[in-house]
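Analysis of the macromolecular model
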Amino acid sequence: MTWSVDGRTIVDGVDCTAPVGALTGLVGPNGSGKSTLLRLLTGVLGADAGEVGFGGVDLLGLRRRERARQLAVVEQDASAELPLTVLDAVLLGRIPHRSLLAGDSATDHAIADDALARTRMTAFADRALASLSGGERQRVHMARALAQQPRLLLLDEPTNHLDISAQLETVALLRELADEGVTVLAALHDLTLAASVCDHVVVLAGGRVVAAGPVEEVLVPEVLDEVYGVRCTVLTHPETGRPVLSFALV
Ligand SMILES: Nc1ncnc2c1ncn2[C@@H]1O[C@H](COP(=O)(O)OP(=O)(O)OP(=O)(O)O)[C@@H](O)[C@H]1O
C-alpha cells in the first residue's frame, strides 16, 4: 500500500498481515501513518498502489455495500453532529444487511440492542447522539460497528477519550470479538495496553513497517527503543504471563 501527498510519501510500500480471528495492534509514533493506512485499507482514501486481500477477494474492488457487510470501521473522533438518537446511530450499522427500501426489522433491533448491551450503552438508547460525552460517543461508534456484524473490524484509537476501566472494557470486547472469529486491526497509542491484549503487532515508522509479528517478538526493547527513542523494559505480568512494558527517557 502506497500513498503520497504534496510530493511526500506518507504510506510507503506497507505490506502487512492481520491474521484471521486475531487481534492485531497497529502501533507507531505520532505521524507514522497509522490513520492514513487505516483510511487506505477502508477505501476512504484512494491508494496510489495497493490492494487489501480478505477471504480471497480484494476488498477495495467490492461495491461499497458488499464491502460494508465484511468490514466495519470505528474512526478516531468520528462526527456526532447528526440529529440521531443513540439507537438510530447503532441501527445505521444494519443498513448494509437489509434491502434498500426496507425499514429496520425485529432482527435489526435485536442486533442493535445486543450491540448496545455489549458496549454498556443500553441506558443511553434514547439519548441524542450530540448530547453524549466523548467516551460515550466512542462506545456508540463501537456499538454501530458491532451491529454491522463485520468479519473484519478496523479501529483508529478506540480507547481515545475513555477512562481506564472503559479502556479495559473496550480491549476486552475486542479480544472477545477476535475469539469469536472477527479479524480485528486496531491502531493503538498505548503500547502497554497493546502488549496486554494483542496477539499480533505491526509497527509503523515513517510510513513503513519496521516490525511485525507476535506481540512477544515485536514489542521488545530492540524495536521500541529505536522506533520511539526511549528506553523500554519488558517485565512479565505475574498473573497473566503477558508482557508489561515500562518506559523511560533516554
Ligand atoms: N491530507 C494530508 N495532507 C498532508 N499531510 C498529510 C495528510 N494526511 C496525513 N498527512 C501527514 O501524514 C503523516 C501521517 O499521518 P497519520 O495521521 O496517518 O499519522 P498517525 O500515525 O495516525 O499519527 P497520530 O499517532 O499522531 O494520530 C503526518 O505527518 C500527517 O501530517
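This structure is a prediction, so every number in the text was calculated from the model and none was measured.

Here we take up the pattern of salt bridges. The final tally for this structure, using the stated rule, is 10 salt bridges. Its salt-bridge partner being Arg-69, residue Glu-66 comes within 3.5 Å of it at the nearest N-O pair. Remark: Arg-69 and Glu-66 occur in helix α2 (residues 64–70); sequence separation between them is three residues, near one turn of the helix. Exposure remark for Arg-69: the relative accessible area of 32% places this residue in the partly exposed category. Among the salt bridges present, the one from Asp-179 reaches Arg-175, with a minimum N-O distance of 3.0 Å. On the criterion of helical spacing, the pair formed by Asp-179 and Arg-175 is a turn pair, its members being four residues apart in helix α6 (residues 164–179). Judged by relative accessible area, Asp-179 falls into the exposed class, the value being 56%. Each of Arg-118, Glu-176 and Glu-180 takes part in a single network of salt bridges with overlapping partners.

Counting residues in each nonpolar core, the largest one holds 53 residues, and the members touching the most others are Val-90, Leu-153, Leu-174 and Leu-219. Ranked by residues supplied to this core, first place goes to helix α5 (residues 134–147) with six residues. Once residues lying within four places of it in the same chain are set aside, the contact partners of Leu-153 are Ala-72, Val-74, Ala-145, Leu-174, Leu-177, Val-182, Thr-183, Val-184 and Leu-185.

Turning to the packing of helix α4 (residues 106–118) against α5, a few remarks are in order. In contact at an axis separation of 8 Å, α4 and α5 are set at 140 degrees when each is read in the N-to-C sense. Compared by their axis directions, α4 and α5 come out oblique. You can see that α4 and α5 cross each other, and the crossing is right-handed. Note on element contacts: α5 touches α4 through Ala-143, Leu-146 and Ala-147, opposite Ile-111, Ala-115, Leu-116 and Arg-118. Class assignment of the residues belonging to the contact of α4 with α5 gives a composition of six nonpolar, no polar and one charged.

What counts and how
- Residues numbered from 1 in each chain as written.
- Predicted model: local features only at pLDDT ≥ 70, side-chain atom pairs only at ≥ 80, totals over all residues.
- Heavy atoms only, no water.
- Salt bridge = Lys/Arg side-chain N within 4 Å of Asp/Glu carboxyl O.
- Helix = DSSP H or I, 4+ residues; strand = E, 2+ residues; numbered from the N terminus.
- Buried < 20%, exposed > 50% of the residue type's maximum accessible area, 1.4 Å probe, protein only.
- Core = buried A, V, L, I, M, F, W, Y, C linked by side-chain atoms within 4.5 Å.
- Contact = heavy atoms within 4.5 Å.
- Axes fitted to C-alpha atoms, helices over the stretch in contact; angles between N-to-C directions.
- Parallel < 35°, antiparallel > 145°, perpendicular 65-115°, else oblique.
- Left-handed = near helix turned anticlockwise from the far one by under 90°.
- Nonpolar A, V, L, I, M, F, W, Y, C, P; charged D, E, K, R; others polar.

The quantities given are spatial measurements derived from coordinates; they are silent on function.
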